[in-house]
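Examining the three-dimensional arrangement
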Amino acid sequence: MDTNALRSFVRAAELGQFQHAADELGVTQQAVSKRIASLERELEVRLFTRTARGVELTLDGQAFLPHAQSVVAGVERAITAVRPGARALRIDVLGLRSAQAVVLHDYWRSHPETELDVVTLRVNDPRLVVAAIEAGDVDASFRTVTDPAALPPGLRMIHAFDTPLELLVGPGHPLAAARRLTPAQLRRHRIWVPGIAPRSEWAEFYDELATAFDLRIDATGPHFGDEVLLDTLAESADVATLVGARDRYLWPATHDLRRIPVVGPTLAYPLSLILPSANPHPELRGIIAHLRALPRLPETTWLPSWATRPQRGDDNTETAHGPQPHPSPRPAPRPGQR
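Residues numbered from 1 in each chain as written. Predicted model: local features only at pLDDT ≥ 70, side-chain atom pairs only at ≥ 80, totals over all residues. Heavy atoms only, no water.

1. Remarks on the nonpolar core
- With 46 residues, the main nonpolar core has Phe 142, Phe 161, Leu 209 and Leu 291 as its most contacted residues.
- Those elements that provide at least two residues to this core are strand 3 (89–92), helix 5 (99–110), strand 6 (155–169), helix 8 (201–213), strand 9 (239–244), strand 11 (266–276) and helix 10 (284–292).
- Those residues within four positions of Phe 161 in sequence are excluded, and the remaining contacts are Ala 99, Gln 100, Val 103, Phe 142, Arg 246, Tyr 269, Pro 270, Leu 271, Leu 291 and Leu 294.
- If you look at the next biggest cluster of nonpolar residues, it comprises 19 residues, including Leu 6, Phe 18, Val 32 and Val 55. (Core = buried A, V, L, I, M, F, W, Y, C linked by side-chain atoms within 4.5 Å. Buried < 20%, exposed > 50% of the residue type's maximum accessible area, 1.4 Å probe, protein only. Helix = DSSP H or I, 4+ residues; strand = E, 2+ residues; numbered from the N terminus. Contact = heavy atoms within 4.5 Å.)

Here is the structure:
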């Protein structure tokens, strides 16, 4: 089986467009289309259907994808084994519009000589991410193992950065005219975060957030994608969601959505970077230095109990950072508690 065809299939599936896959692979869109068409003929199934936004996997394509990813990763590990240091730095992010991807893009813009491969592992369980790093499928991941004792001895986890949250609402929502909001003002309002995955770090985050501020976090229904979520917000007078201040969301001007900062305290989502304890990819040093230079959030910031923090005065990228107590206020008590 043609490994170039497999690689084209995997990247087209992960990026959602043949053109994006072609740009990344350094070939034409026609070449990607021909490779995938050849692969479909060999398998005797259709792998993609075309949509207005690009391409989507068929059921056969969804079944084939994890096996193709494994083969491509195995081929690349084999190449790396005989050409050490030749592979680009591969970092896993939660999404290509996420704060992690935005920060990495900022780093790459100031260091364009860096060979960087930003990928999204389509898994929610952090144990599977840990396994991918151990196997060498990725060099590092912007994920968090909320129980550091569960981190294998060959890996370490460092604080990356904290991203403040904003309330995203449509023009008909009762909070739409606010310039800023406090957590107390969010009570009794429906905050819709569909598709919160069990065992994920964000499931633990929203559990603690809801408990700390008595918020109504609604996770009902599958997540059909950002476009559906944004359409729903634009049409609704009672649905809101929380997004990261650095996250990139695009919507039609007619949606008239509003991003409203949450302050007093600022609510922040903590991000960690998991990487090998020994012999990490050499390009990681520059990225870690970039992360440590990012602006810090205000002292009055709420973070969940499992957030990791850098140790005071420690700028050595070879030092493992364990979970540290956050100097900001503890989560606010629920009504009636002291």
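Right, picking up where we left off after that structure.
2. Let's talk about helix 1 (residues 3–15)
- Counted at 1.5 Å a residue, the expected span for helix 1 with its 13 residues is 18 Å, and the 18 Å between its end C-alpha atoms agrees.
- When you tally the buried positions in helix 1, you get 10 out of 13 residues, the bulk of the element.
- Considered for burial, the residues of helix 1 that qualify are Ala 5, Leu 6, Arg 7, Ser 8, Phe 9, Val 10, Arg 11, Ala 12, Ala 13 and Glu 14.
- Just past helix 1, the residue Gly 16 takes up positive phi, approximately 80°. (Expected span 1.5 Å × (residues − 1).)

3. Some details on the environment of His 159
- For His 159, the location among the structural elements is in strand 6.
- The exposure class assigned to His 159 is buried, which follows from its relative accessible area of 5%.
- As a C-alpha pair, His 159 and Leu 291 span 132 residues in sequence and 8.7 Å in three-dimensional space.

4. Overview of the pairing of strand 2 (residues 54–57)
- Examined bridge by bridge, strand 1 (residues 48–51) and strand 2 share 4 bridges and lie antiparallel to one another. Across the sheet, residue Thr 51 finds its bridge partner in strand 2, namely Gly 54. (Pairing = 2+ DSSP bridges.)

5. Comments concerning the packing of aromatic side chains
- Applying the stated rule across the entire model yields 8 aromatic pairs.
- Members of the aromatic cluster, each reached through a chain of ring pairs, are Phe 205, Tyr 206, Phe 213, Tyr 269 and Trp 302. (Phe/Tyr/Trp six-rings, centres within 6.5 Å; stacked < 30°, edge-to-face > 60°.)

6. Overview of the environment of Leu 43
- Within the element layout of this structure, Leu 43 appears in helix 3 (residues 29–43).
- A relative accessible area of 28% places Leu 43 in the partly exposed class.
- C-alpha separation for the pair Leu 43 and Phe 64, spaced 21 residues apart in sequence, amounts to 9.9 Å.
- Once residues within four sequence positions are removed from consideration, Leu 43 is found in contact with Met 1 and Phe 64.

7. So, the confidence of the model for the protein chain
- This prediction gives the protein chain a mean pLDDT of 86; 88% of its residues lie at or above 70.
- Below pLDDT 50 for its whole length, residues 310–338 participates in 55 contacts with residues either more than four positions away or in separate chains. (pLDDT = per-residue confidence, 0-100.)

8. Some words on the pattern of salt bridges
- Inspection of the entire model under this criterion finds 10 salt bridges.
- Of the charged contacts, one joins Glu 24 and Arg 11 as a salt bridge, the two residues approaching to 2.3 Å between their closest N and O atoms. Of this pair, Glu 24 sits in helix 2 (residues 18–25) while Arg 11 sits in helix 1, and the two are 13 residues apart along the sequence.
- Judged by relative accessible area, which is 37%, Glu 24 ranks as partly exposed.
- Judged by its relative accessible area of 8%, Arg 11 is buried.
- The residue Arg 190 makes a salt bridge to Asp 218 at a minimum N-O spacing of 2.7 Å. Separated by 28 residues along the polypeptide, Arg 190 in strand 7 (residues 190–192) and Asp 218 in strand 8 (residues 216–218) bring together distant segments of the chain.
- Within the structure, one salt-bridge network assembled from shared partners comprises Arg 11, Glu 14 and Glu 24. (Salt bridge = Lys/Arg side-chain N within 4 Å of Asp/Glu carboxyl O.)

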